[in-house]
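# A closer look at the structure
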Amino acid sequence: MAGRTARLVLLAGAAALASGSQGDREPVYRDCVLRCEERNCSGGALKHFRSRQPIYMSLAGWTCRDDCKYECMWVTVGLYLQEGHKVPQFHGKWPFSRFLCFQEPASAVASFLNGLASLVMLCRYRTSVPASSPMYPTCVAFAWVSLNAWFWSTVFHTRDTDLTEKMDYFCASTVILHSIYLCCVRTVGLQRPAVASAFRALLLLMLTAHVSYLSLIHFDYGYNMAANVAIGLLNAAWWLAWCLRNQRLPHVHKCVAVVLLLQGLSLLELLDFPPLFWVLDAHAIWHISTIPVHVLFFSFLEDDSLYLLKESEAKVKLD
Ligand SMILES: [Zn+2]
């Protein structure tokens, strides 16, 4: 999801080198993969591999070749550590201990829990806020967009392929764009719906251009990161400006806390270290840390929607 700065920088570096990371450039690793494939991944050996492979592994798309890469990665890591070298990366990633079919178990579980938090808060929002509240449709749509993004984040961290990676990145971008749309509707759109409609059209156009460029022309990690960071910062500044002007509202402190926490927590991604216990890296810690932030943001949206409803009802009475 959104703030994966460190990973993107790494992958950008890996893409620039065109030949991957230190670990997978290592002759020991390459030899190991080659020999493993020759031994296990053709003819009768492949049949034997498939008959032994647990069903959840084949369903998750783990191939014989992937298994070779996984085993050889650990052989190489073992050699590095034995000789007192630092843990290397492979194909732009740290070595992760897989669990069942989960390639990055901590990030996958954390993504699932973020999604679960969004779902619980969506249900809570729908029961406590009447549909007549002016922000209701935009907030509910935001919850669905978030849920979709967390679904793909869970899938991507379970199994990293070209498709799941793109879906994770694109859906994360839709959350950032929807969040800025939410901000526009709240700050300007309620008084001037035409502005919100025009802004929505502009955002959809930007999303289409962004996705088309990345999927049809060139998957540029550096550009993707820069675009997300730029929109994310604009989003944060816009919300904070609104908070400053509406300090009298009792629930504004929740919004300020969410914006500052998200900015602060995204710095976690700049830390880059080999996974603790081969499971917990900075990206997973960042995913874990955003769970309570979602709860707080939806709690703010709920308070704010109820406040807007009260305000609009008071206006109707006055008229
Ligand atoms: Zn992620």
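Residues numbered from 1 in each chain as written. Predicted model: local features only at pLDDT ≥ 70, side-chain atom pairs only at ≥ 80, totals over all residues. Heavy atoms only, no water.

Going by the annotation in an unreviewed UniProt entry, the name recorded for the chain is Post-GPI attachment to proteins factor 3, with Ovis ammon polii given as the source organism. On record in UniProt, under Sequence similarities (unreviewed entry), the comment for the chain is "Belongs to the PGAP3 family." (UniProt positions renumbered as here; feature names shortened; annotations may be inferred.)

In terms of helices and strands, the chain carries 13 helices and zero strands. Along the chain, helices and strands appear, N-terminal first, in the series α-α-α-α-α-α-α-α-α-α-α-α-α. For the chain, the spread of C-alpha atoms along the three principal axes comes to 80 × 35 × 35 Å. Classification of the 319 residues of the chain by burial places 47% in the buried group. Considering only residue pairs separated by 6 or more positions, the chain has 73% of its internal contacts joining residues 24 or more positions apart. For the chain, the accessible area works out to roughly 16200 Å², and carbon and sulfur atoms hold 68% of it. (Helix = DSSP H or I, 4+ residues; strand = E, 2+ residues; numbered from the N terminus. Buried < 20%, exposed > 50% of the residue type's maximum accessible area, 1.4 Å probe, protein only. Contact = heavy atoms within 4.5 Å. Areas by Shrake-Rupley, 256 points an atom, 1.4 Å probe, with all protein chains shown as cover.)

Moving on, we come to the pattern of salt bridges. Tallied over the entire structure, the rule returns eight salt bridges. The partner of Glu 37 in a salt bridge is Arg 65, and the shortest N-O contact between them spans 2.4 Å. Of this pair, Glu 37 sits in helix H3 (residues 27–40) while Arg 65 sits in helix H6 (residues 64–82); the two residues are 28 residues apart in sequence, bridging distant segments of the chain. Taken together, the shared-partner salt bridges connect Lys 93, Glu 104 and Asp 160 into one network. (Salt bridge = Lys/Arg side-chain N within 4 Å of Asp/Glu carboxyl O.)

Bringing the state of the cysteines into the picture now. Within this structure, the stated rule accounts for three disulfides. Here Cys 36 pairs with Cys 68 through a disulfide, and the sulfurs are 2.0 Å apart. The sign of the S-S torsion, about -75°, decides the handedness of the disulfide formed by Cys 36 and Cys 68: left-handed. Note that Cys 36 is positioned in helix H3 and Cys 68 in helix H6, a separation of 32 residues in sequence. The same class applies to Cys 36 as to Cys 68, namely buried. In the chain, numbering the disulfide-bonded cysteines from first to last in sequence yields the connectivity 1-6, 2-5, 3-4. Here Cys 123 stays free of any disulfide, with the sulfur of Cys 139 as its closest cysteine sulfur at 15 Å. On the basis of relative accessible area, Cys 123 is assigned to the partly exposed category, the value being 44%. Cys 255 provides the cysteine sulfur closest to Cys 139, a residue in no disulfide bond, and the two sulfurs are 11 Å apart. (Disulfide = S-S within 2.5 Å.)

Around the zinc ion, the protein contributes the donor atoms His 157 (NE2), His 283 (NE2) and His 287 (NE2), at 2.1 Å from the metal centre. Judged by relative accessible area, which is 2%, His 283 ranks as buried. (Donors = N, O, S within 2.8 Å, 3.2 Å for Na, K, Ca; no water.)

What follows is about the UniProt feature "transmembrane region" (unreviewed entry) in the chain. On the UniProt side, "transmembrane region" (unreviewed entry) is annotated at positions that read residues 135–155, 167–189, 201–219, 225–244, 256–278 and 284–301 here. The annotated region residues 135–155 carries 95% helix and 0% strand content, and the separation between its end C-alpha atoms amounts to 30 Å. For residues 167–189, the helix share is 100%, the strand share is 0%, and the end-to-end C-alpha distance is 29 Å.

A few words now on the packing of aromatic side chains. Counted according to the given criterion, the structure contains 20 aromatic pairs. Centre to centre, the rings of Tyr 29 and Phe 90 are 5.1 Å apart; their planes meet at 55°, and the pair counts as tilted. With Tyr 29 in helix H3 and Phe 90 in the loop between H6 and helix H7 (105–128), this pair connects stretches of sequence that are 61 residues apart. The pair formed by Tyr 29 and Phe 90 is uniform in burial state, with each residue classed as buried. Relative to Phe 300, the ring of Phe 297 has its centre 6.0 Å away and its plane inclined at 25°; by these criteria the two rings are stacked. Taken together, the residues Phe 297 and Phe 300, both in helix H13 (residues 282–318) and three residues apart, mark about one turn of the helix. A single burial state applies to Phe 297 and to Phe 300, both of which are buried. The rings of Phe 142, Trp 239, Trp 242, Phe 297, Phe 298 and Phe 300 are connected pair by pair, giving a single aromatic cluster. (Phe/Tyr/Trp six-rings, centres within 6.5 Å; stacked < 30°, edge-to-face > 60°.)

What follows covers a nonpolar patch on the surface. Taken together, the side chains of Val 109, Phe 112, Leu 113, Leu 116, Leu 119 and Val 120 present a nonpolar region at the surface, about 510 Å² in accessible area. With respect to the helices and strands, the residue Leu 116 is situated in helix H7. (Patch = residues over 30% accessible without salt bridge, like charges linked within 9 Å, V, L, I, M, F, W, Y side chains within 5 Å.)

The next subject is the packing of helix H9 (residues 162–189) against helix H10 (residues 193–217). Two quantities define a packed helix pair, namely the angle between the axes and the distance from one axis to the other. For the pair H9 and H10, the least separation of the axes is 10 Å and the interaxial angle reads 165°. When the interaxial angle is binned, H9 and H10 end up roughly antiparallel. Judged by the sense of rotation from one axis to the other, the crossing of H9 with H10 is right-handed. Here Lys 166, Phe 170, Ser 173, Thr 174, Leu 177, Ile 180, Tyr 181, Cys 184, Val 185, Val 188 and Gly 189 of H9 lie close against H10, whose contacting residues are Pro 193, Val 195, Ala 196, Phe 199, Arg 200, Leu 203, Leu 207, His 210, Val 211, Leu 214 and Ser 215. Along the lines of polarity and charge, the residues of the contact of H9 with H10 split into 15 nonpolar, five polar and two charged. (Axes fitted to C-alpha atoms, helices over the stretch in contact; angles between N-to-C directions. Parallel < 35°, antiparallel > 145°, perpendicular 65-115°, else oblique. Left-handed = near helix turned anticlockwise from the far one by under 90°. Nonpolar A, V, L, I, M, F, W, Y, C, P; charged D, E, K, R; others polar.)

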